[in-house]
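Architecture at a glance
So the chains spell out like this:
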Amino acid sequence: MAANVDQEASFEKATNDEINDCPIEEVRLTVPTTDDPDIPALTFRTWVLGFLSCITLAFSNQFFGYRQNALYISSISAQIVVLPLGKLMASYLPKKVVKMRIGRVKWSFSLNPGPFNLKEHVLITIFANSSSNSVYAVNIITIVKAFYHRELHPLAALMLTQTTQLMGYGWAGLFRKFLVDSPYMWWPANLVQVSLFRALHEDEKRPKGGMTRLQFFLTVFITSFAYYIVPNYLFPSISAISFICLIYKNSVTAQQIGSGVYGLGIGSFGLDWSTVAGFLGSPLATPGFAIINIMIGFFAIVYIMLPIAYWTNSYNAKKFPIISSHVFMGNGSAYDVKRVLDPKSFTFDQKGYDQVGQLNLSVFFVLMYGLSFATLAATLSHVALFHGRTIWRQTKATFRDQYGDIHTRIMKKNYKAVPEWWFQVMLVGVIGIAIFSCEGFGKQLQLPYWGVLLAAGLAFLFTLPIGIIAAQTNQGPGLNVITELIIGYIYPGRPLANVAFKTYGYVSMSQAIMFLQDFKLGHYMKIPPRSMFVIQLVGTIVASSVYFGTSWWLLETIDGICDLTKVSEGSPWTCPGDDVFYNASIIWGVVGPLRMFGRLGLYAKMNYFFLVGLLAPVPVWILSKAYPNKTWIKLINMPIIIGATGSMPPARAVNYLMWGAVGIAFNFIVYRRYKRWWARHNYVLSAGLDAGVAFMAIVAYVALQGRNIEGVNWWGLELDDHCHLAKCPTAPRVHVNDVCPIFT
């Protein structure tokens, strides 16, 4: 208790008497304006618990990444779990000072510098956050080994994994003044973390008849852990239940409407937390207005645009499943990729393509690519309209060093900034290693040096506009499709060159966004910037290594992983995300955009979506100017609405429906009616549910599934919603398998 009191007193120690002039009300209400620069931050406990949480999250997220419901475990789980561990170390570790000497350098540290403090906790969480986002380059390794069935040098794969993650550091350093120092870039997701940090470090007494936050977390964790044996092992079908399919067992149309996995999902639901949070993250930690934007987009796309496109037979839609990420022949059968690839050079074979014919997509997948074009254009338009003047004003103020709020002034007063050259040296070095990994090892990755440089240039161009949207909405479009489009035109017929270019262009930008968000969290919590830099750098290297090692281990040890024809019934190792990545490599890398969306392709009209996206934010902007007192108008975010279904596939309709339902229930109903309970328990509940599911899945795999001990063979063992006809075509005289009926 004394430790908590001392820590709270230290936490509340004011460093100045300035007015809190932060322009964002939510930040003024949430973020403290106090700091004690003497509190130790980068301690022995920080390193031990940071390494432990980083490795655990990286292993768990990659482990889940190959499963049917690819659960994402956020750093909030680590944030809560490490608190009692930190206090335990503070209570029992000796206060001995360890002295070391490496060459001429002498240094020392204490095993126990005092009570476990807030700054240690923040750094550990940021360390863990380095591993909470998946490593995109692992998808390349997976499709090479599990889908294309080719060899890849492990060192080349490891270097690819590391460089794609680390390149974002350079962009983050270049845009810190815009996206971290600026008080208008407030990163709403960080306020969740700040609130939770403050709640966990307050001197808490158990309310009468209630529980402390830690007790509540343990209760939720144990309950979630015990329950997940049901959807994970005993009754996987409970993850997605579709009533319409159970009633209309012989109707293709009914099952297309009712299937939550393969169709529109009307009337479907899932009793599984991994269904709720599997692809979109925890809805409990997503701002309410962002949930509304996403669900508006989901309903407009899935329940208006898709039915119109499918039942009017646009692009021969009825020859293919209503929702699918696979590629097809003109007769509705699966596309024979091997015939359009030269087995020796692993490049496009024109003769084989002439024999097989054009590549076809489901109409939903066509719409997804068109909407991804629109999302990118809408992002640029939205930023220019809503933030153009602000960016210009901040740009001028940045170069003159004239703007900032109380938090920026405290940081500049108390701590040394990270020198720009640190980021610049890292950027140059990482780009050099990236070029070596692509040009060396027999050019297995197919991407030449200029491709790496071009990808880096795209990431540099888009980091600022996309960072602005992410800093204000907690959502942000990616560059995956536009990078595929560019390299597909410039350097066609090479699948690995296409995905490597996409990864360097897309991931380096997304990593920059993540680094900037963590820098802002450290900014709010008054963490020394140089300690932040070190933790993020080490955390990224460790996380990338664990992701790589885990994927390589699973790919080498699980027979038939990612192959639906080889995995056993009820097996969760279906790799839905990698399946989408593989098919994208065929579309953009093998066949190429010229034969898909260009003059030689079937889907050239999708390019009009660029214009649609460019114009979409204009009406909202006009309304916001015409009715400035209607604050809700500015919450309408067209890039988020247009890109709402960007996770489909691999996400399914049932994932969106359950995510939206839970998010609205907690962020609107519970928040308004039981605000005190929500403030006290909402984020703790999310962390407990995530942690329970994660630990049970790992235990079940190690104890049972990893030893080929599957669940009882019954109807509910199938990891499916039993809507098999939802995958069938409805065009006349199309035969694809023995399950689907042939229409006349």
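One structure accompanies this document, and this report is about it. As the structure is a computational prediction, the values presented were derived from the model and not from experiment.

Before going further, it helps to spend a moment on the overall build of the chain. When you go through the chain residue by residue, the secondary structure sums to 30 helices and six strands. For 744 residues, the compact-globule estimate of 2.2 N^0.38 gives 27 Å, and the C-alpha radius of gyration of the chain, at 26 Å, lies within 12% of that figure. Summarising its shape, the C-alpha atoms of the chain cover approximately 80 × 65 × 55 Å along the three principal directions. Looking at the chain as a whole, 60% of its 744 residues qualify as buried.

One pass over the structure, following the stated rule, counts six salt bridges. With its nearest N and O atoms 2.7 Å apart, the salt bridge here joins Asp35 to Lys119. Of this pair, Asp35 sits in the loop between helix H2 (25–30) and helix H3 (44–65) while Lys119 sits in helix H5 (residues 118–129), placing them 84 residues apart in sequence. When sorted by exposure, Asp35 lands in the same class as Lys119, which is buried. For Glu420, the salt bridge is made with Arg176, and the minimal N-O distance between the two is 2.9 Å. Taken together, the residues Glu420 in helix H20 (residues 420–439) and Arg176 in helix H9 (residues 176–179) connect sequence positions 244 residues apart. Judged by its relative accessible area of 32%, Glu420 falls in the partly exposed class.

Taking 1.5 Å as the rise per residue, helix H25 (residues 576–591) with 16 residues should run 22 Å; its terminal C-alpha atoms sit 22 Å apart, in good agreement. For H25, the principal kink sits at Ser585 and spans about 25°. When you tally the buried positions in H25, you get 15 out of 16 residues, the bulk of the element.

The next subject is the pairing of strand S1 (residues 97–102). Across the six residues that make up S1, only a small minority, zero, are buried. Examined bridge by bridge, S1 and strand S2 (residues 105–110) share six bridges and lie antiparallel to one another. Residue pairing in the sheet places Met100 in a bridge with Trp107 of S2. Linking S1 to S2, which pair antiparallel, is a turn of two residues; within it Gly103 sits at a positive phi near 65°.

Turning our attention to unusual backbone geometry. The amide bond that connects Pro649 to the next residue, Pro650, takes the cis arrangement and shows omega of 15°. One can find Pro650 in the loop between helix H28 (638–642) and helix H29 (653–673). For Phe346, which is not a glycine, the phi torsion comes out positive at approximately 55°. Take Phe346: it is sitting in the loop between strand S5 (327–328) and helix H17 (350–356). By relative accessible area, which is 6% here, Phe346 ends up buried. With a phi close to 75°, Cys562 is a non-glycine residue in the positive phi region. Mapped onto the elements of the fold, Cys562 is located in the loop between helix H24 (529–557) and H25.

Positionally, Thr483 belongs in helix H22 (residues 480–490). For Thr483, a relative accessible area of 0% gives the class buried. Thr483 sits 99 residues away from Ala384 along the chain, and the two C-alpha atoms are 22 Å apart. Discounting chain neighbours no more than four positions away, the residues touching Thr483 are Leu458, Phe501, Lys502, Gly505 and Tyr506.

Conventions adopted
Residues numbered from 1 in each chain as written. Predicted model: local features only at pLDDT ≥ 70, side-chain atom pairs only at ≥ 80, totals over all residues. Heavy atoms only, no water. Helix = DSSP H or I, 4+ residues; strand = E, 2+ residues; numbered from the N terminus. Rg over C-alpha atoms; globule rule 2.2 N^0.38 Å. Buried < 20%, exposed > 50% of the residue type's maximum accessible area, 1.4 Å probe, protein only. Salt bridge = Lys/Arg side-chain N within 4 Å of Asp/Glu carboxyl O. Expected span 1.5 Å × (residues − 1). Bend = angle between axes of the 7 residues up to and from the residue. Pairing = 2+ DSSP bridges. Contact = heavy atoms within 4.5 Å.

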